[in-house]
Amino acid sequence: TFVQKRDEKLGMSLGASRFIIKPMDGSQFIEILDQVLEEHRQGILPVPEKSREVEETLLDLFENSLAYKLSQTVEKLKAEQHILRISEKRLREAEEIAQMGHWELDLKSNVFTWSNEIYRIFGRKPQEFTATYEAFLAVVHPEDRTYVDNAYQDSLIKKTQYDIDHRLLLGDKTVKWVHERCQTLFDK
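Description of the structure in this document. The model shown is predicted, which means the values in this text are computed figures rather than measured ones. (Residues numbered from 1 in each chain as written. Predicted model: local features only at pLDDT ≥ 70, side-chain atom pairs only at ≥ 80, totals over all residues. Heavy atoms only, no water.)

This paragraph deals with the pattern of salt bridges. By the definition in use, this model includes nine salt bridges. Linking Glu38 and Arg41 is a salt bridge whose minimum nitrogen-to-oxygen distance equals 2.9 Å. Here the residue Glu38 and the residue Arg41 both occupy positions in helix 2 (residues 26-42), the gap between them amounting to three residues, near one helical turn. Relative accessible area serves as the criterion here: at 61%, Arg41 is assigned to the exposed category. Taking the shortest distance from any N to any O, the salt bridge between Arg120 and Glu117 comes out at 2.6 Å. (Salt bridge = Lys/Arg side-chain N within 4 Å of Asp/Glu carboxyl O. Helix = DSSP H or I, 4+ residues; strand = E, 2+ residues; numbered from the N terminus. Buried < 20%, exposed > 50% of the residue type's maximum accessible area, 1.4 Å probe, protein only.)

Below is the structure:
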């Protein structure tokens, strides 16, 4: 967070021998580190001599600078959080208008999340049951479950997406056709 000239000046006045700004190439950092270690071995590192009063003033400057940087960071985070809330609201509204939901299953943690629109499409309320793959399959029409599960399992094995139409059997025995597109993503 300390990247401006005045920050460098303050750091150097507090006794730093170098002022490095991230990100920095690793080899360049090692070179600087080697220089500092060599200066230390030779006893030529500058050691500022200051009275206790000067040190306290410099520390006060540092604390004020840090407090200012933190307040800037907090304000930036609040603004970003506000933008994120608006974006999430717009996504919910767009899904509702389009009558299109989304779900995500984290294969490592087995955490399954559904958008509110998925619950509406399934004719359920979020508090009625926990979002799981099994709960999803339970809503799929019994005659289509094997087809849907095979498409999903195949996407995991082959690391491919699928694009299928199938039926849901809602709690009130209503049959609803849905189009499902799945993309399976793998990291390193």
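In this section: the environment of Asp154. Among the secondary structure elements, Asp154 is positioned in helix 6 (residues 145-158). C-alpha separation for the pair Asp154 and Asp25, spaced 129 residues apart in sequence, amounts to 43 Å. Setting aside anything within four residues of it in sequence, one finds Asp154 in contact with Lys159 and Thr160. (Contact = heavy atoms within 4.5 Å.)

Another point: the packing of aromatic side chains. Tallied over the full model, the rule gives nine aromatic pairs. Ring-pair connections join several aromatic residues into one group, and the members of that group are Trp103, Phe112, Trp114, Tyr119, Phe122, Tyr133, Phe136 and Tyr152. Taking NZ or CZ as reference, Lys159 lies 4.7 Å from the ring centre of Phe186, over its face. (Phe/Tyr/Trp six-rings, centres within 6.5 Å; stacked < 30°, edge-to-face > 60°. Lys NZ or Arg CZ within 6 Å of the ring centre and 35° of its normal.)

Here we come to the layout of surface pockets. In this model, the largest pocket occupies a volume close to 1,000 Å³. Around the largest pocket sit 35 residues that line it, and Trp103, Glu104, Arg181, Cys182 and Gln183 are the ones nearest its centre. Contributing elements (two or more residues each) for the lining of the largest pocket: helix 3 (52-98), strand 1 (103-106), helix 4 (116-121), helix 6, strand 3 (162-169) and strand 4 (175-182). Residue composition of the lining of the largest pocket, grouped by class: 19 nonpolar, seven polar and nine charged. (1 Å grid on protein atoms, 1.4 Å probe; cavity = no way out; pocket = protein on both sides within 12 Å on 5 of 7 lines; lining within 4 Å. Points joined across faces, edges and corners; volume = space filled by probe spheres on them. Nonpolar A, V, L, I, M, F, W, Y, C, P; charged D, E, K, R; others polar.)

What follows deals with the packing of helix 1 (residues 5-13) against helix 3. Packing of helix 1 against helix 3 leaves a shortest axis separation of 10 Å and a crossing angle of 145°. Helix-helix and strand crossings are classified by hand; for helix 1 and helix 3 the assignment is left-handed. Contacts between helix 1 and helix 3 pair Arg6, Asp7, Leu10 and Ser13 from the former with Leu58, Leu61, Phe62, Ser65, Tyr68 and Lys69 from the latter. Taken together, the residues of the contact of helix 1 with helix 3 sort by class into five nonpolar, two polar and three charged. (Axes fitted to C-alpha atoms, helices over the stretch in contact; angles between N-to-C directions. Left-handed = near helix turned anticlockwise from the far one by under 90°.)

As for its placement among the helices and strands, Ser155 is situated in helix 6. In this structure the side chain of Ser155 is engaged in a polar contact, spanning 2.6 Å, whose partner is the backbone oxygen of Tyr152. A polar contact is formed between the side chain of Ser155 and the side chain of Thr184, at a distance of 3.1 Å. The residues touching Ser155, leaving out its near neighbours within four places in the chain, are Thr160, Tyr162, Cys182 and Thr184. (Polar contact = N/O pair within 3.5 Å; in protein donor to acceptor, adjacent residues only side chain to side chain.)

Our next topic: helix 3. Here helix 3 spans 68 Å end to end across 47 residues, near enough to the 69 Å set by a 1.5 Å rise per residue. Lining the buried residues of helix 3 we find helix 1 and helix 4. Looking at the residues trailing helix 3, positive phi occurs at Gln99, about 55°. (Expected span 1.5 Å × (residues − 1).)

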